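What follows is the residue order along each chain.
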Amino acid sequence: MILLDRVTKKYNRSGPALERISLHVEPKEFVIIVGPSGAGKSTLLKLLTREEKPTSGKIIVGGIDYETLKDKEIPLLRRKIGVVFQDFKLLPNKTVWENVAFALEIVGMGNKEIDHTVPRVLDIVGLKGKEKRMPRELSGGERQRVAIARAIVRQPRILIADEPTGNLDPKHAWDVIRVLEKINRFGTTVLLTTHNQEIVNKLKRRVITIQDGTVVSDRANAEYHA
Ligand code: ADP
């Protein structure tokens, strides 16, 4: 599903943000990426979404080799990868429903199919009944679940969650993590970055630790102590 072979990323003449990273993530895996600030986690995720290009090395995601990827194929790639961020990035002047529906409108889906799809996804993230709320009328945890609904509504094969619980209290953080687990059970590969040790230790998933741009450990059912 995701293959990185000796990937290096240098932004400028200073040291590389990532150095010869090799990784293999199977379909339907749930992988947690940890490491101190500045370790290279965001860079890794940006390489996967093609926001950044590697300086050297090979990246293949869902059978797409990034070396031969043309700019006009990037939107297609991005449909395979849903992304959620720490700060939600919702559209403040649209309702919950509209925020999710918008992701379908921009890829040209018709109203009938949108009306069929949006409720199903809001149900998955536990937001049934909140369709007409504005983002400002929601808790942080609910906002993040809207962001997740929007990220999965086009049924991506991979969901990247970059510090999705960073702004949330523990209860809301767990609501969000439970939703990620549910989406993973439905068959989506999940990549999660977090600084929350309790979450890492309770999830007991594969944990990849990055430090100074290299993978220093990669363990199944792992715990994490910073
Ligand atoms: P993390 O997500 O683990 O905090 P990052 O991937 O953001 O780490 O950063 C890794 C390194 O790359 C850091 O030294 C950071 O300063 C550098 N870096 C990140 N983005 C850029 C950029 N756009 N230009 C230059 N350097 C960058």
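Residues numbered from 1 in each chain as written. Predicted model: local features only at pLDDT ≥ 70, side-chain atom pairs only at ≥ 80, totals over all residues. Heavy atoms only, no water.

Q: Requested: an account of the pattern of salt bridges, with residues and values cited.
A: Inspection of every chain in the model, using the stated rule, returns 13 salt bridges. Across the pair Lys204 and Glu223 runs a salt bridge, and its minimum N-O distance is 3.2 Å. Highlighted residues: Lys204 in the loop between α7 (197-203) and β9 (206-211) and Glu223 in the segment after β10 (214-219), separated in sequence by 19 residues. With relative accessibility at 44%, the residue Lys204 sits in the partly exposed group. Given a relative accessible area of 40%, Glu223 falls into the partly exposed group. (Salt bridge = Lys/Arg side-chain N within 4 Å of Asp/Glu carboxyl O. Helix = DSSP H or I, 4+ residues; strand = E, 2+ residues; numbered from the N terminus. Buried < 20%, exposed > 50% of the residue type's maximum accessible area, 1.4 Å probe, protein only.)

Q: Let's hear about helix α1 (residues 41-48): which residues, and what values?
A: For α1, the tally of buried residues reaches 6 of 8 residues, placing the bulk of the element in the interior. For α1, the set of buried residues is Lys41, Thr43, Leu44, Leu45, Leu47 and Leu48. Positive phi appears at Arg50, one or two residues downstream of α1, with a value of about 70°.

Q: Lay out the site of the ligand in plain terms, naming residues and giving numbers.
A: The immediate surroundings of the ligand are formed by Tyr11, Asn12, Ala17, Pro36, Ser37, Gly38, Ala39, Gly40, Lys41, Ser42 and Thr43. Between an oxygen atom of the ligand and a main-chain N or O atom of Ala39, the distance comes to 3.1 Å. Considered class by class, the residues forming the shell around the ligand number 4 nonpolar, 6 polar and 1 charged. (Near = heavy atom within 4 Å. Polar contact = N/O pair within 3.5 Å; in protein donor to acceptor, adjacent residues only side chain to side chain. Nonpolar A, V, L, I, M, F, W, Y, C, P; charged D, E, K, R; others polar.)

Q: An account of the confidence of the model for the protein chain is requested, with residue identities and associated values reported.
A: In the predicted model, the protein chain carries a mean pLDDT of 95, and 100% of its residues have values of at least 70. By mean pLDDT, helix α2 (residues 74-80) is the weakest element of the protein chain at 91, and strand β1 (residues 2-9) is the strongest at 98. (pLDDT = per-residue confidence, 0-100.)

Q: Any chance you could break down the nonpolar core for me, citing the residues and the numbers?
A: Formed by 43 residues in total, the largest nonpolar core has its most connected members in Ile32, Leu122, Ile148, Leu159, Leu180, Leu192 and Leu203. Contributions of two or more residues to this core are made by β3 (30-34), α3 (96-105), α4 (111-124), α5 (140-152), β7 (158-162), α6 (170-185), β8 (189-193) and α7. Residue contributions to this core peak at 7 residues, all from α6. Counting residues in each nonpolar core, the second largest holds 28 residues, with Met1, Ile33, Ile64 and Ile158 among its members. (Core = buried A, V, L, I, M, F, W, Y, C linked by side-chain atoms within 4.5 Å.)

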